[in-house]
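# Examination of the molecular architecture
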Amino acid sequence: MTVAGSDSGGGAGIQTDMRTFALLGVHACVAVTAVTVQNTVGVSDFVAMSPDIVAAQMRSVVTDIGVGAVKTGMLASGPIIDAVASTADELDLGNSRTVPLVVDPVAASMHGDPLLAAEAFDALRTNLIPRATVVTPNLDEVRLITGIDVTDAASQHDAVRALLDMGAQWALVKGGHLRSSTQSPDLLSDGVEDHEFTTERIATGHDHGAGDTLAAAITAALAHGYSVPDAVRFAKSWVTEGLRWAYPLGAGHGPVNPMWRVSEE
Ligand SMILES: Nc1ncnc2c1ncn2[C@@H]1O[C@H](COP(=O)(O)OP(=O)(O)O)[C@@H](O)[C@H]1O
Ligand SMILES: Cc1ncc(COP(=O)(O)O)c(N)n1
């Protein structure tokens, strides 16, 4: 299940989560948190759902269909974060519970347009990150959540540690925004084991939805029973191929292509 916002341009959010889930052989259920007015150049507006309706979608799906793993993406507001956190407890989702919960703490679109209210960061830190089986921030989100500016391997380790100190079971600090590097290094840790997943940086401006694709692929792999390190290893290779097969669209950033496996044939 994905708990996320709609991207009218189809490059990120629910739309990319559902494509990724389908291609990875899992049925996608959805709790819509917000509807964005979005294309390849930016997000011009959004409307958030009521927290009760978000919680009710989660409850409706879990009590009837069941879920193998759950991912959160754009949550829009503090009250939605609080509702998702308490519903996760009610439904036995998250850190040390039955069903893994992947928290992608989406704060803004890649164009810099906000997707989370500024006053919602406390709720993210104190209510959602402690419930995460794995939290997957990019470097801008790391700065906003922990105050740490990641510029190298040492500060990436510090950021992982800060997220684990907030209570996440595993933290994955993604290196996609280290744009001056020739590589794209992601660091995963639970405080005991460190795993580095590094790929060559792909020269593309069409990287819209990369974080969603990665987190959705982690979620699908967890639903298939992978361990967290194996799920992240798989998802990193999946998003790397998606970036290689990304295509231009509109006047801005085209989408990572989660259909790369189909496109290849
Ligand atoms: N140009 C690139 N080449 C290779 N991997 C990339 C590139 N850009 C991002 N990635 C990878 O895509 C995933 C999403 O990363 P990132 O861009 O940091 O997140 P977000 O989309 O949330 O901003 C990470 O695994 C990151 O390493
Ligand atoms: C509904 C929604 N969810 C998530 C993102 C983040 O994706 P990106 O960082 O590629 O803009 C987005 N732009 N829109």
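- An unreviewed UniProt entry lists the chain under the name Bifunctional hydroxymethylpyrimidine kinase/phosphomethylpyrimidine kinase, with Gordonia asplenii as the source organism.
- Regarding the chain, the UniProt comment filed under Function (unreviewed entry) reads as follows: "Catalyzes the phosphorylation of hydroxymethylpyrimidine phosphate (HMP-P) to HMP-PP, and of HMP to HMP-P."

### What to know about the site of ligand 2
- If you check the shell around ligand 2, you find 14 residues, and the closest are Gly5, Gln38, Met110, His208 and Gly209.
- Within the contact set of ligand 2, a nitrogen atom lies 2.8 Å away from a side-chain nitrogen or oxygen of glutamine 38.
- For ligand 2, an oxygen atom lies 3.0 Å from a polar atom in the side chain of histidine 208.
- For ligand 2, whose unbound accessible area comes to 360 Å², protein coverage reaches 92%.
- For the shell around ligand 2, the secondary-structure elements that each account for two or more residues are strand S1 (2–7) and strand S2 (30–38).

### Quick look at the pattern of salt bridges
- The full count for this structure, using the stated rule, is 14 salt bridges.
- Note that aspartate 89 and arginine 97 form a salt bridge whose closest N and O atoms lie 3.7 Å from each other.
- A relative accessible area of 26% places aspartate 89 in the partly exposed class.
- What emerges from the salt-bridge pattern is a single network uniting Asp89, Asp92, Arg97 and Arg131.

### Focus: the site of ligand 1
- His177, Ser184, Asp186, Gly211 and Lys236 are the nearest of the 15 residues found near ligand 1.
- Within the backbone of isoleucine 202, a nitrogen or oxygen atom sits 2.8 Å from a nitrogen atom of ligand 1.
- For ligand 1, whose free accessible area comes to 550 Å², the fraction covered by protein is 91%.
- For the shell around ligand 1, the secondary structure elements donating two or more residues are strand S8 (183–189), helix H7 (210–223) and helix H8 (228–244).

### Considerations on the side chain of aspartate 212
- Examined against the element boundaries, aspartate 212 turns out to sit in helix H7.
- Those residues in contact with aspartate 212 that lie beyond four places of it in its chain are Ala12, Gly13, Thr16, Asp17, Lys71, Asp104 and Val106.

What counts, and where the lines are drawn
- Residues numbered from 1 in each chain as written.
- Chains lettered and ligands numbered in written order.
- Predicted model: local features only at pLDDT ≥ 70, side-chain atom pairs only at ≥ 80, totals over all residues.
- Heavy atoms only, no water.
- UniProt positions renumbered as here; feature names shortened; annotations may be inferred.
- Near = heavy atom within 4 Å.
- Polar contact = N/O pair within 3.5 Å; in protein donor to acceptor, adjacent residues only side chain to side chain.
- Areas by Shrake-Rupley, 256 points an atom, 1.4 Å probe, with all protein chains shown as cover.
- Helix = DSSP H or I, 4+ residues; strand = E, 2+ residues; numbered from the N terminus.
- Salt bridge = Lys/Arg side-chain N within 4 Å of Asp/Glu carboxyl O.
- Buried < 20%, exposed > 50% of the residue type's maximum accessible area, 1.4 Å probe, protein only.
- Contact = heavy atoms within 4.5 Å.

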